[in-house]
Amino acid sequence: MANSADLSTPTTEHEPHSISTHMEEEGSMDDIFRFEDDFPDWSTGFDSSEWEVSDGEDGTDTGGEKPYADKKRLFKLKGFLGQLDTFYQQKKLNLLQAREELKAFHLHVTELEENRDKIELDIEREKQAENSVALLRLRAQHKRVCAELQMEEDLGTHLAMILKEHELELCQVEVELGHFLALRQELELEEKNVQSQDKKKQKLRFQREKSIIKQRRHKAQHDKVERDKVLQQQAEVNRKQQEQALASHLKAAVYLKQTLQRMKHKEAEAEERRKELIKKRQTAVMTLKASFTASQETMCARKQRQKAYEQKQREQEQQMKESLEAKGLNSTEYIHRLRLQERINKKKAEFEDTQRVGKMEIVAKLLSERNMKERHRKSPVLSREKKHDEKFLQNILPPTAPMREEKRVMSSPRASCIRSYSNSDVSSSSDSAELKLGECVEMEDEDKREMSLAQPEFTGLWEHKHKEDMATSDENIHLETSYTTMKTDMNKSLVSKAAKKTIKGRESKGPPFISKPEIILFKDCDVGKVYKKKFTLTNVTYTTNYCKLLGVSQNLKDHVSVSFEPPGPMSAGMACELEAIFRPLLDVDLDGEIHFQSATGPFSVAIKCSKKKCEMVVDHCLVDFGTHVVGQTVSRVITMTNRGALGTRYTLTPVSTGPLQQTFNSTLDSGKTSSLEMPSLNAENTAEIPSGIDLRPGVSPVISHSPDEVLMADPRSVDTKVEQSTYEPTEFSIEEAYEGDVGQFMSVKIPIVFTPTIPGEAKLDFQIMFSQPGCEPIVVSVCGVAESAPVWVTKPNVDLKICMYDRLYQDSIEVQSRASSALRLTFKVCKEMRNHMSILPKTGFIQAKSSFSAQLKFLPRQSLFSDAKSFFNKDTGVLEVPLTVQVADQVRPVLFTVHAVVTSSDLLFDHTEVDFGHCSVYESSQTSVRLTNCSLLPQEFGFVGIPKFIDVQPNDGFGTLLPSQSMDIYLIFSASKAGEYNFTLTCKTSINRDFLLSCHATGVQPSLKLSDCLVEFGGTALGDRTTAVLYVENQISSGPEAAARLFAFSVPENSDITITPASGRVLPGQRCLVQVTFSPTLSDDVIKAQAVRRRNEFHTNTSSCQHTQPDSKVRSINHITSHTTYSIASCCKFPAIFVHLQSKMETPLLLVKDQGSKVTPANSSTVRSPSPADVQAGSVEYLAAKASLLRSFTERRTRHVISCFTSTSDTSEEPRYSPHETLYLELHCPAVRPALLLISDSHTIHFSQVAVGQKVLKKVIIQNISSEFVKLTSSLLDVNGPFSVLNAMRPFGPEDTHVLLIAFTPSVAKKYYETLEVSCSQMSLEIALCAEAVNPIITCSHEGHVDFDYVPENESASQVFRLQNLSSLDVRFSVLLDSQRLTEVMDSTAHVGTQNHSGLSVFCVSPSGGAISPAAAADITVTFHPDHESLHYRDVLRVKLLNKQTVCVLELRGSSCRHNMFVCGGDPVEDCSESLIPSHIYTSGHQDSRSLLLTFRSEYQEGRAITATRKLHVGYVLGSKPATKKTVEFIWENLSPVEQQGFRVTPMQGSVDAGHRRPVTITWMPSSGLAPNAVVQACALLTVRGDETAVYRVTLMAHTDKTTAT
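Now for a description of the structure that goes with this document. (Residues numbered from 1 in each chain as written. Predicted model: local features only at pLDDT ≥ 70, side-chain atom pairs only at ≥ 80, totals over all residues. Heavy atoms only, no water.)

### Some remarks on the overall build of the protein
Phase 1: Within the protein, the secondary structure is distributed over 23 helices and 77 strands.
Phase 2: Taken across its 1606 residues, the protein has 34% of its residues classed as buried.
Phase 3: A separation of at least 24 residues holds for 72% of the contacts in the protein among residues at least 6 apart in sequence.
Phase 4: Counting every atom, the protein has about 96300 Å² of accessible surface; 52% of that belongs to carbon and sulfur. (Helix = DSSP H or I, 4+ residues; strand = E, 2+ residues; numbered from the N terminus. Buried < 20%, exposed > 50% of the residue type's maximum accessible area, 1.4 Å probe, protein only. Contact = heavy atoms within 4.5 Å. Areas by Shrake-Rupley, 256 points an atom, 1.4 Å probe, with all protein chains shown as cover.)

Now the structure itself:
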C-alpha cells in the first residue's frame, strides 16, 4: 500500500476549500464500519460442512442439487463480497485523492516561498535605490505572501491528518477483506460446481432434443408421402374439373348467344317505346305551352278588369270625398270609419259562419254521445263503471269545480277570439255562449290530440297499438267533456232552484249576499309586499241567513288569504266586514273567486290581482295632412299616453307594406278603434319590421306614388314589388322624438313633419315599439296629398351611356308645361362642369301647355376628375351631374340628372420596349407582348408598316379587343444578316389613335452550325427508341478567327430525349457526328394515378357483386381481374403469368374465394381513400395500370426545343460559352402504341448476388398486344460471358405470350452487365441483364483434426463442429468423407485408416449437405461407431461448395478397445497393417499379451546428464454396458532389472475410476559410468485388470545424445 503513492499525479492548482469539506462528505471511520455492521458475520455464520465440495466420481455432489436456501445464501454472500470490494475501491480512491491534494499543496507552498524570496530581494534592491513608493508596495506584498504561507502551513497540517485517517481506514478495510478470504475461495469453488451441473443439464437437454428431432424427421417424411398422395388426387380432381368447366363454357356460349339476341331485340323494342314516349312528351309540352299562353291572356284580362274596377272605386271615393268636403265634413275620417265598419261586418259574418259550423259539430257530438249512452245501456258493466266514476268525481270535485273548468276552457288560446267578442257584445244570448263554450272545449281537445308526445322508439314496433290507444284516449276525452258539460248544467239547475225560494209569497233572485265592492281588485302589485283590502258582505235575502267561508280558488291558495270571523245569523240587510290579504309570490296576473256557503246556497266574490303593467295609447291613429303644394312643410303632433304603472322606452320603426297598401284602396289592420285610442295589434297581423331603418327628419322608408304613376304601373310588376323591400326618402319624417322614454302615468308628444317633394298621394304606416315585453306595438297611419309644379322635364334622368375622353356627345332635353301662360326657362350648369358640359340655349320661353327642347353637349376632357371630384368617380368612371331648370315665378326649380360612364380609349402594352436580344441568322426569336384595352368599349386595332424581318401574329396583327380584354401579341424576329436592328411598331385603332412599341435586336452569325435544325422522328412505340443523326459543323476553316470550338447540348430533365455526345469539340472546317435518341415511356405519376382509378373501380365492382349468385360472382371477378391485370383465361392458359402475378399480389387486392362462398375483399374493414403515393413501383397494381395504359395508348406528339451552347475558343482552361451564339434544335416526337408488352417489374433483370459456379435462371414474359402475328428475334449475347438464352424465339399471335429463359453462370467473382434486344417488325425491347458473382466465405470452428479417443467397440461417440457463413448470400454445401470417394485421387498427406468389418463407414456425418443463410451457421455432427478393436481408425472429412470449392478439411481419428481398459502413450512399433479377418479366428483363448515401446533420450548440460521422462496412461473406458468392476487396477511386475538400469516407475500400482485416465511416469537417469551413445534396454510387465486381465510387455530403451555429451 505504500507504493500506491507513486500513482498520484502532480497538480498545478490548489483548492483549499475542497479539502476542508472532504471529511464532512466521507464521514468518520466509525460511520463507515457502522455500515458494515448491518451485514452478518459471514466468517462465523456459515458452517464449513455446508460449503464443502463433494469428491464424487464426476466431481459433483452426489446428493443432487443444493437446496434453495443454500443458493440464496450463496447469492447473498456474493453480493456482500461485491459491496465490500466496492467499499475497498472507494477507500483506495479517497487515499489517492488525498495524496494528490497533499502533493499539490507542497507545490503551492514551494511557489509561495520562491515568491517570498523574490520579494525580499526586490525589497533590498529598492532600499539601496531609496525608492520609498516601491518599497511600501513590496512590503505590503511581502506581508500578504507571509500571511498566505502561514495559512498554507495550517492547511498542510490538516491535509496530513486527513491522509493518515484515509490510510488507517484503508488498512482496516484490508484487514476486514482478509477475514473473508476463506469464504471467497469457497464461493469460487461453489460457483464452479454450479457451472458443472449446468453443463450436465445442457448435455442431457441436447440429447433429448436430438431424439425428438429424429422422431420429427421421421414423422415429416411420413407426412410428405401422405401429402404427395393427396396432391396427386387433387391434381386428378382439378383436371376433371377443368374438363367439366371447358364443356360448361362451350355449352354456356350457345345460351349466351341466344340471350344476347333476345337482349338486342328487347333493346330495339325499348328504343321504339322511348321514341314514342318522347313524341308524346313533345306533344304534351306543346299543349302545355299553349295552355300557358291562354292562361296568361286570361290573367291579363282579369287584371285589366280588376284595374278598371279599382279605378271605378277610386272615382267613386273621389266623388264622395268632394261631396263631403262640399258639405264641410272631414272626408278622410268618414271614409276611414266606413272601411272599419265594412271590416267589422265582414268579420262578424265570418264569425257567424264559424259559429254555425261549431253548432253543427256540437250537434254531431251530442248524437255520438247519445249513441254511446245506448251502447252503455246495452252493456251493464260499462254503465256500472260509469256510475262509479261519476260518484268518485262528485266526492273529489268541489261544488265550484265546473265553474273553474269552464274558466279554464275559456282561458285557452283558441278561446281568446270568442272571449273578446263576448266582452264587446254584452247582449249576446246564453245559448250562443254555451255553443261558444262547446266549440272552445272541442278546440282544446283537438289541441291535446295534436300535441300528443306518444311516439314509438323504433318505427313499426307498436304503431297499430299506438293508434288504438290514441283512439281510446279521444273517446275518453269526448266522454269527459260531455260529462263535464252535464255536470255544469246540473249545478246550474240546483243553484237556480235554491235561489228561487219563495219567502212569504215573494221570490228571491240572484245571490244571497252581495259584496261591496263587487270585485276585489289588487292593482299594480310588487312581489314580496303585502296588500290588504276590506270588503263587506250584505244579506240581500228576505230572511235571516248565515255566511260560511269555504276558501279561495285553487290558483290563489298560495297568494290570497281571507281574515273572516263568522258573524252568526244575519238578518236581512245586515252586513259583515272581511279583509282580503294578498301576498304576491310571482309577478303574474291572478284571477279567481272567494267561495262562501249560505243557507240558500253557495256564492262567490270575484278577486283580481294584477301586476304592474305598461298600457300605452295614442290620441290619434290616423293623421291626415290634407293637400299641400310641393316644397311646403306642415307639422302635426300626436300624443302618446302611458296609463300603466311601469315606464318604458319607445322606438318608432316603419311597417313594411307593399304598393297595394300604400294607396287609398289599402285596408288597415283589424282591431277596435276610436277617435281617442288605438288598440294594440296582434303579432299575426303586424308586418315584419326591418332593422336598421332610421326615422330621423328627412328619412323615411315608405314609398309614395302619384296617382298617375299608380295607374301607369304594369300589373305584372305588382308581385315583384310586393316582394321587394326597397325604401326611398319620402315626404314624412319625425323630428327628434323618434325614440325616448315614457314614465308611469305620463304622456309624450311626437311631432310628424310632412314635406312633399313628389306630386301625388303619400302614406306612411309606422309602428311604435316598446321595451316592455307585455306591451304590444301601436301602428299609426299618416297620409297626405302633394300637388306638382306646372313645369317638368319629360326625362328627369338623361343617360349618355358610355363616353370616351375628348369626343363630343349630344342629347336633347325636353321640358313640358301644363300652365295656361308662357313661362321663362333658364338652364343652369354647375361651375365644375362648365368646361365639359353645356346646354344651348341657356334661356328660353315655353308656351302654354306645350314643350321646349334644348341641346345638351358633353365633351369630357382629361381634367374631368380634378374639376368635378364630387360628381365623378375615377375608379368606376361613373359621372352623375345634377342640372336645374329655373322657372320664373316658381320657388322650386325643376331638377334633372345627366348620367354617363366616362372611359378612356387607350390601348396599353405591358412592355414599353421590346428587346429581342441576340438572334442567330439561322433561328427566329419570338417574344410576346400583352395588349390590353383600357376602355369599356370594344376597339379594333391593327399593326401597320411592319418591316420584312418582323412578323406579328395572330391574324397578321389585326383584331378586336373587347372591354378590358387582354391579348397576347407574338412578335417573331428573323435576322437576315448580322448587325443591329432598331425599329418601331405602330398599332392603330379604329378612332385613328396610334400606339408605338419600340423594338431592338442584334443579329449574330454563330461560329458553329447544325446540319439540321429540325428533326422529325417517325412513330416510336412506347418502350422502343429511334435515333436520328446530325452534324455540328465549324464553318470557319481558315483565317484569324479559325479555331476549335466547343459545344454542349442542354437536354431537359425527365425527358424522353437523349443526345450523344452531349458535348464535344469541333476543329476548324470539320464536323462532329451527334446522335439524337427518342425513347418514349410512361411517367410514374400517370401510372400511379391509373392504378388508383383501377383500385376504386375494383372496390366498386366488388361491393356491387356481393349479393349476386356464385356463378355470376365468378364472372364479375373474372371481369374485374381482366381490368386489373389480365384475364383469368389467359392466366390459366399461361401459368407463368399467373404465378408471376400471384407472387406479386398485394394484400388490399387479394380476393378470398372458396367454393360456394362469397367473394369478398381480403381486407373487409373500411379502407381510407387511396392516393397515388400509396402505389409502390413494381407492385401488381403498378404493372396492371402500366399494361392498361399501354393497351389503350393513343398517338402522342410532343415538341422539344433543345439549346446547344457554343464557346468562342478552347484555349482557356475553363471554356466560356457565349449565350449569343446559342444554337437551337427542334424535335418533333410522335409516340405510338407498342406491339410487345414486357410482363415484369422493369426492363432490367437483376440476378442479384450469385456464388461463383452456381447457375441461376430467370424468366422473361413477353406478350403480343397488337392485332397481328409477330415474329421475335434477339440480339447476340457474349459467347464467353455468363449470360445465355436457353430457348428459341418463335412467332405468336395476338394476346399470346412468349417466355424467355435466361441463365447466369459466373466463373469469376465480379459484376456483369449485358443488354439483350428482343425485336419484331414494329418495335424492339431492350432488356438489361445485371448480376454480381461473389466468392462464398465459410469458416470452420475446428482446424486440423478431430480426435475421438477410445470408444468401446459397437458403441458410438459424437462431436460437433460449426460452419459459419460470412458472405452476403445463401451458400449450399456438401460434406464428403475420403472413405466414400475411393475412385477419386486422395491427398498425399491424408489417408484412410482402419474401417469396420461390416463394410459401413466407421465415421458418419449429419447432415451431409444443406444451405447456410447470410451471417448464419450450421452445426455438423460427426459420429464415431467402431465394430472391432483397433487403434488406427482414420478418415478425412471435406466440406465442399456447389462450385467444387473445398472450404474445410478435417482429419478424423479414433481408437476402439474390446474391454473397458486400455493403455496408451508408447512409441509406434509398426505401421498399421491390420487384417480384415476377425481377431477371434487366429487368436487363442489365453490371456492377451501386448507390447509397448518407450524410448528415452538424455542430454548433458554443464557436464551433467538430465533425467529423461516418459508417460503412459491407463484408462477406464465408460461404456453403455454395466461394468462388473467400478475401477480398473494395474500393477507393474518384474521391475528389479529395470530399476538396475536406472529406470524408475511411479506409481507401481493403482486404480482408475470409470471415465478417467491415470498417468504412469517412467524416468531414466543414466549411470555415471555409462558410455556416450550407449543404448540401455530393459523389459517390464504391466498387468491391467478390468472386466478382463491384460498383460502389456513394456520395452524400455534409453540412450544419451552424443552431440551434447561433455
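### So, the sheet that holds strand β7 (residues 560-563)
Phase 1: Ordered by their spatial adjacency, four strands build an open sheet running β3-β5-β8-β7, and the pairing between neighbours is antiparallel. Edge strands, defined here as strands with exactly one partner in the open sheet, are β3 (513-516) and β7. Neighbour to neighbour, the strand axes of the sheet diverge by 30° on average, direction disregarded.
Phase 2: Of the strand pairs in this sheet, β3 and strand β5 (residues 531-539) are connected by four bridges, and their pairing is antiparallel. Bridge pairing links Ser515 to Leu537 in β5. (Pairing = 2+ DSSP bridges. Axes fitted to C-alpha atoms, helices over the stretch in contact; angles between N-to-C directions.)

### A look at a negative patch on the surface
Phase 1: Where like charges cluster on the molecular surface, the negative patch consists of Glu111, Glu113, Glu114, Glu153 and Asp154.
Phase 2: Elements represented by at least two residues in the negative patch include exactly α5 (68-129) and α6 (132-179).
Phase 3: Among the elements that make up the negative patch, the one with the highest residue count is α5 (three residues).
Phase 4: Relative to the elements of secondary structure, Glu111 occurs in helix α5. (Patch = residues over 30% accessible without salt bridge, like charges linked within 9 Å, V, L, I, M, F, W, Y side chains within 5 Å. Salt bridge = Lys/Arg side-chain N within 4 Å of Asp/Glu carboxyl O. Lys, Arg positive; Asp, Glu negative; His and termini not counted. Charge placed at Lys NZ, Arg CZ, Asp CG, Glu CD.)

### Topic: unusual backbone geometry
Phase 1: Following Thr1060, the chain continues to Pro1061 via a peptide bond in cis, the omega torsion being -5°.
Phase 2: Relative to the helices and strands, Pro1061 resides in the loop between β43 (1057-1060) and β44 (1063-1066).
Phase 3: Residue Thr1546 is joined to Pro1547 through a cis peptide bond whose omega torsion reads -5°.
Phase 4: Looking at where Pro1547 falls in the secondary structure, it is placed in the loop between β73 (1543-1546) and β74 (1549-1553).
Phase 5: Phi angles above zero are rare outside glycine, and Lys849 is one such case at about 50°.
Phase 6: Mapped onto the secondary structure, Lys849 falls in the loop between β25 (843-846) and β26 (851-858).
Phase 7: At Asp956, a position not held by glycine, the phi torsion is positive, near 60°.
Phase 8: Structurally, Asp956 is set in the loop between β33 (950-953) and β34 (958-961).
Phase 9: Residue classification places Asp956 among the partly exposed positions, given a relative accessible area of 48%.

### As for the environment of Thr332
Phase 1: As for its placement among the helices and strands, Thr332 is situated in helix α8 (residues 331-378).
Phase 2: The spacing of Thr332 and Gly626 is 294 residues in sequence and 8.9 Å in space, taken between C-alpha atoms.

### Observations regarding the nonpolar core
Phase 1: With 38 residues, the main nonpolar core has Phe1047, Phe1049, Val1076 and Leu1227 as its most contacted residues.
Phase 2: A total of six residues in this core trace back to one element, the largest contributor, which is helix α21 (residues 1180-1191).
Phase 3: Beyond its immediate chain neighbours, meaning those up to four positions away, Val1076 contacts Phe1017, Thr1026, Thr1027, Ala1028, Leu1030, Ile1057, Thr1058, Ile1059, Leu1225 and Leu1227.
Phase 4: Judged by nonpolar contacts, the second largest core, of 36 residues, contains Leu825, Phe871, Val881 and Val894. (Core = buried A, V, L, I, M, F, W, Y, C linked by side-chain atoms within 4.5 Å.)

### Re a nonpolar patch on the surface
Phase 1: Residues Leu256, Leu260 and Met263 make up a contiguous nonpolar surface patch of roughly 280 Å² in combined accessible area.
Phase 2: Summarising the element assignment, Leu256 is placed in helix α7 (residues 181-327).

### Thoughts on α7
Phase 1: Relative to the 219 Å expected for 147 residues at 1.5 Å per residue, α7 spans just 147 Å between its end C-alpha atoms, considerably shorter than the ideal helical length.
Phase 2: Leu183, Leu187, Glu190, Asn193, Gln197, Lys321 and Leu324 are the residues of α7 that are buried.
Phase 3: In the segment just after α7, Gly328 is the residue with positive phi, at about 85°. (Expected span 1.5 Å × (residues − 1).)

### Some thoughts on the pairing of strand β35 (residues 966-973)
Each regular strand displays side chains that alternate between the two surfaces of the sheet.
Phase 1: Relative to β35, strand β31 (residues 925-933) runs antiparallel, the two being bridged by eight bridges. Counterpart to Thr932 in the pairing with β35 is Ser966.

### Some points on the side chain of Ser781
Phase 1: Among the structural elements, Ser781 can be located in strand β19 (residues 778-787).
Phase 2: Judged by relative accessible area, Ser781 falls into the buried class, the value being 5%.
Phase 3: Within the local environment of Ser781, its side chain forms a polar contact with the side chain of Asp765, the two groups lying 2.9 Å apart. (Polar contact = N/O pair within 3.5 Å; in protein donor to acceptor, adjacent residues only side chain to side chain.)

### Here we look at the packing of aromatic side chains
Phase 1: One pass over the structure, following the stated rule, counts 29 aromatic pairs.
Phase 2: Between the aromatic rings of Phe522 and Phe582, the centroid separation amounts to 5.3 Å while the plane-to-plane angle is 40°, which identifies the pairing as tilted. With Phe522 in strand β4 (residues 519-525) and Phe582 in strand β8 (residues 575-582), this residue pair connects regions lying 60 residues apart in the sequence. No difference in accessibility class separates Phe522 from Phe582, as the two residues are buried.
Phase 3: Taking 5.2 Å as the distance between ring centres and 15° as the angle between the ring planes, the aromatic pair formed by Phe596 and Phe603 counts as stacked.
Phase 4: For Phe596, a relative accessible area of 0% translates into the label buried.
Phase 5: Exposure remark for Phe603: the relative accessible area of 7% places this residue in the buried category.
Phase 6: Put simply, the rings of Phe916, Phe949, Phe973, Tyr981 and Phe983 touch in pairs and so form one group of aromatic residues.
Phase 7: Over the ring of Phe522 we find Lys533, and its NZ or CZ is 5.7 Å from the ring centre. (Phe/Tyr/Trp six-rings, centres within 6.5 Å; stacked < 30°, edge-to-face > 60°. Lys NZ or Arg CZ within 6 Å of the ring centre and 35° of its normal.)

### Focus on the sheet that holds strand β13 (residues 634-642)
One key point about sheets: their strands pair by backbone hydrogen bonds, in either a parallel or an antiparallel sense.
Phase 1: Pairing in this open sheet of four strands is antiparallel, and the strands run β11-β13-β17-β15 from one edge to the other. Either end of the sheet is taken by a strand with one partner, and the two such strands are β11 (616-618) and β15 (732-734). In this sheet, neighbouring strand axes are inclined to one another by 30° on average, regardless of whether the strands run parallel or antiparallel.
Phase 2: Sheet topology note: the β11/β13 ladder contains three bridges and is antiparallel. The residue of β13 that forms the bridge with Val617 is Thr641.

### As for the pattern of salt bridges
Phase 1: All told, the structure shown has 32 salt bridges when counted by the stated rule.
Phase 2: Between Lys534 and Glu577 there is a salt bridge, and its shortest N-O distance comes to 3.9 Å. Note that Lys534 is positioned in strand β5 and Glu577 in strand β8, a separation of 43 residues in sequence. Accessibility assignment for this pair places Lys534 and Glu577 in one class, exposed.
Phase 3: Across the pair Asp741 and Arg649 runs a salt bridge whose closest N-O atoms are separated by 2.9 Å. Of this pair, Asp741 sits in strand β16 (residues 739-742) while Arg649 sits in strand β14 (residues 648-654), placing them 92 residues apart in sequence.
Phase 4: In this structure Asp741 comes out as exposed when scored by relative accessible area, which is 54%.
Phase 5: Each of Glu236, Arg239 and Glu243 takes part in one network of salt bridges that share partners.

### Here we look at the side chain of Ser905
Phase 1: Examined against the element boundaries, Ser905 turns out to sit in the loop between β28 (894-903) and β29 (907-909).
Phase 2: According to the relative accessible area criterion, Ser905 is buried, its value standing at 6%.
Phase 3: A polar contact of 2.7 Å, which involves the side chain of Ser905, links it to the side chain of Arg993.
Phase 4: Discounting residues that sit within four places of it in the chain, Ser905 has contacts with Met804, Ser935, Gln939, Ile991, Arg993 and Phe995.

### Comments concerning the environment of Ala1288
Phase 1: Tracing the backbone shows Ala1288 in the loop between β54 (1283-1285) and β55 (1297-1304).
Phase 2: On the basis of relative accessible area, Ala1288 is assigned to the exposed category, the value being 58%.
Phase 3: In this structure, the C-alpha to C-alpha distance between Ala1288 and Leu1301, residues 13 residues apart in sequence, is 9.2 Å.

### Description of the pairing of strand β52 (residues 1256-1264)
Phase 1: Here four bridges tie strand β50 (residues 1236-1239) to β52, and the two strands are oriented antiparallel to one another. Residue Leu1237 lies in a different strand from β52, and its bridge partner there is Gln1263.
Phase 2: Both β52 and β55 contribute to a ladder of eight bridges, which runs antiparallel. By the bridge assignment, Leu1257 is partnered in β55 with Ala1303.

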